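Residue strings, one per chain:
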Amino acid sequence: WISHRYRRVFPWYAAVWPFHAGLTCVTTVPTVVRPGETLSSTHFERRAGGKGANQASAVAKAGGRVKLIGAVGEDGAHLVRGLEATGVDISDVIVDNSEPTGRAIIQLTPEGENCANYLLAPPLLSSPPTSADSSYTHLLLQNEIPWSATLAYLEHATKINATAVWNPSPLPSAEQLRAIPWGSLSWLIVNEGEVCGMLDVLGVGGDALQGSGQKTSQHATQLLEKLHAHPRFSQSVNVICTLGAQGLVALLSPSGTKKADSDVLHVPAAKLSGPVKDTTGAGDCFAGYFVAGLMEESAGSGPSGVVGVLRALRLAVKAAGLCVQRPGAVESTPVRSEVERSLG
Ligand code: ADP
Ligand code: NA
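A few points on the structure. The shown structure was predicted, so the numbers you read here are calculated from the model rather than taken from an experiment.

Some words on the site of ligand 1
Piece 1. Asn191, Thr242, Gly244, Gly247 and Ala320 are the nearest of the 14 residues found near ligand 1.
Piece 2. A distance of 2.8 Å separates an oxygen atom of ligand 1 from a polar side-chain atom of threonine 242.
Piece 3. The separation between an oxygen atom of ligand 1 and a polar main-chain atom of leucine 243 is 3.5 Å.
Piece 4. Protein chains shield 82% of the accessible area of ligand 1, which is 550 Å² for the free molecule.
Piece 5. Put simply, the parts of the chain that give the shell around ligand 1 at least two residues each are α7 (282-298) and α8 (305-324).
Piece 6. By residue number, the principal contributor to the shell around ligand 1 is α8, which donates 3 residues.
Piece 7. Of the residues in the shell around ligand 1, the class split is 9 nonpolar, 5 polar and no charged.

Put into structure tokens, the structure is as follows:
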């Protein structure tokens, strides 16, 4: 969980956020290793990671106050120190000496990558914030913690009236997706593959998904409209579909005044000043910056409504654009002043 307090520009506010910090081991191999096979890798790299850690650090770099609650093994203590250096409050991170830190083992091949995740369960807060504790305003969830924890945090966010934002990556199972209490969510952040996966699980497959992989805003809009219209889904969820170099499409839930129409926003990707170096972590950079933007909006320091959302989306797209032009993942997320400069 993360708690924020903004002293510079805003009175104060906070975010709540369960997280996963982890290690990413990237090994470069000619082909993905098959059972029984041993391959020499040409390169091995250990990176700080975990989507929760990446996103928490992006919120902090954007200028938001963020507190992380979770667990790492003894081998992950340096990760926690690294997070603290980016401005994340790590006072509720437990170091559990009996378990290794959660990690992703990525085999990077010329054709792409393949990944296995090991999870270390973060504990729930022993004394979770109550509704009287209005310093927690936002919850940002990924899907690298056990499913029961995700559901518990979601439920808790509803109780304390915090805005819940979910980036369901890696994609939950069909059974899990069908059981999601969509009504407790305010924002869903997915990429095109994830929205197709979700539709597939909800029984919208086949022809409806044709043209996938095109990453056009028109196609993504159709996919989001299908998701919104699905009886299992809730129209009160705002959905963002990120589209790599094509930017994003957001489908905002119908406002009280015009119930029938959802607002569709298309935000193109940032204009790059150099070549794309590494897109790892761009999605996390985007999510963290976007939530920081939402926080500012809800603290009353920015425009409200659709204009405020658009402002937060544009800020996040600029940040992600800088991120992809730098090598690395979490360390390539720019700080706010760099993003402001590029907004020029
Ligand atoms: P994910 O990594 O989760 O699949 P995306 O690839 O959609 O996410 O990237 C997230 C955001 O990062 C995009 O919405 C876009 O703003 C930015 N981005 C990603 N790739 C590029 C790119 N090649 N050029 C410019 N911006 C990019
Ligand atoms: Na990068």
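From this point on, the discussion continues.
Brief notes about the pattern of salt bridges
Once the charged atoms of two side chains with opposite charge are near each other, the side chains can pair.
Piece 1. All told, the structure shown has 5 salt bridges when counted by the stated rule.
Piece 2. With a closest N to O distance of 2.7 Å, arginine 336 and glutamate 296 form a salt bridge. Linking arginine 336 in helix α9 (residues 336-343) with glutamate 296 in helix α7, this pair joins segments that are 40 residues apart in sequence. Accessibility classification places arginine 336 together with glutamate 296 in one group, the buried group.
Piece 3. For glutamate 338, the salt bridge goes to arginine 326, with nearest N and O atoms at 3.1 Å. Residue glutamate 338 is located in helix α9, and its partner arginine 326 is located in the loop between α8 and α9; the two are separated by 12 residues in the primary sequence.
Piece 4. Judged by its relative accessible area of 25%, arginine 326 is partly exposed.

Section: the pairing of strand β9 (residues 187-191)
Piece 1. Most of β9 is tucked away, with 4 of its 5 residues classed as buried.
Piece 2. Of the strand pairs in this sheet, strand β8 (residues 163-166) and β9 are connected by 2 bridges, and their pairing is parallel. Following the sheet pairing, tryptophan 166 is matched in β9 by leucine 188.
Piece 3. Across 5 bridges, the pairing between β9 and strand β10 (residues 238-242) is parallel. From the neighbouring strand, tryptophan 187 faces β10, where its bridge partner is asparagine 238.

Brief notes about the packing of helix α5 (residues 192-201) against helix α6 (residues 217-229)
Piece 1. Orientation of α5 relative to α6, taken along the N-to-C sense of each, is 35°, at an axis distance of 10 Å. Considering how the two elements wind past one another, α5 and α6 form a crossing that is left-handed. On the side of α5, the interface is formed by Glu192, Val195, Cys196 and Leu199, while α6 contributes His219, Leu223, Leu224, Lys226 and Leu227.
Piece 2. Partitioned by chemical class, the residues of the contact of α5 with α6 number 6 nonpolar, 1 polar and 2 charged.

Digging into unusual backbone geometry
Of all residues except glycine, most have a negative phi; of all peptide bonds, most are trans.
Piece 1. Note the cis peptide between serine 169 and proline 170, where omega equals -5°.
Piece 2. Looking at where proline 170 falls in the secondary structure, it is placed in the loop between β8 and α4 (174-178).
Piece 3. Phi at asparagine 161 takes a positive value of approximately 65°, unusual for a residue other than glycine.
Piece 4. Along the chain, the position of asparagine 161 falls in the loop between α3 (147-159) and β8.
Piece 5. Since its relative accessible area comes to 70%, asparagine 161 is described here as exposed.

Quick word on the sheet that holds strand β11 (residues 248-252)
Piece 1. If you trace the 6 strands from one edge of the open sheet to the other, you get β7-β8-β9-β10-β11-β12, paired in mixed fashion. With one partner strand each, in any of the chains shown, β7 (138-141) and β12 (263-267) form the two edges of the open sheet. Neighbouring strand axes in the sheet, compared pairwise and without regard to direction, differ in orientation by 15° on average.
Piece 2. Packed onto the sheet, α3 meets β7 and β8 and runs at close to 160° relative to β7.
Piece 3. Each of β7, β8, β9, β10 and β11 is contacted by α7, which is oriented at about 170° to β7, the strand it contacts most.

Focus on the pairing of β7
Piece 1. Neither face of β7 is open: one carries His138 and Leu140, the other Leu139 and Leu141, and all of them are buried.
Piece 2. Where β7 meets β8, 4 bridges bridge the pair, whose relative direction is parallel. Bridging across to β8, leucine 141 finds its partner in tryptophan 166.
Piece 3. You can see the chain leave β7, run along α3 and come back into β8, and the turn it takes is right-handed.

About the cut-offs
- Residues numbered from 1 in each chain as written.
- Chains lettered and ligands numbered in written order.
- Predicted model: local features only at pLDDT ≥ 70, side-chain atom pairs only at ≥ 80, totals over all residues.
- Heavy atoms only, no water.
- Near = heavy atom within 4 Å.
- Polar contact = N/O pair within 3.5 Å; in protein donor to acceptor, adjacent residues only side chain to side chain.
- Areas by Shrake-Rupley, 256 points an atom, 1.4 Å probe, with all protein chains shown as cover.
- Helix = DSSP H or I, 4+ residues; strand = E, 2+ residues; numbered from the N terminus.
- Nonpolar A, V, L, I, M, F, W, Y, C, P; charged D, E, K, R; others polar.
- Salt bridge = Lys/Arg side-chain N within 4 Å of Asp/Glu carboxyl O.
- Buried < 20%, exposed > 50% of the residue type's maximum accessible area, 1.4 Å probe, protein only.
- Pairing = 2+ DSSP bridges.
- Axes fitted to C-alpha atoms, helices over the stretch in contact; angles between N-to-C directions.
- Left-handed = near helix turned anticlockwise from the far one by under 90°.
- Contact = heavy atoms within 4.5 Å.
- Right-handed = clockwise from strand over helix to strand, strands pointing away.

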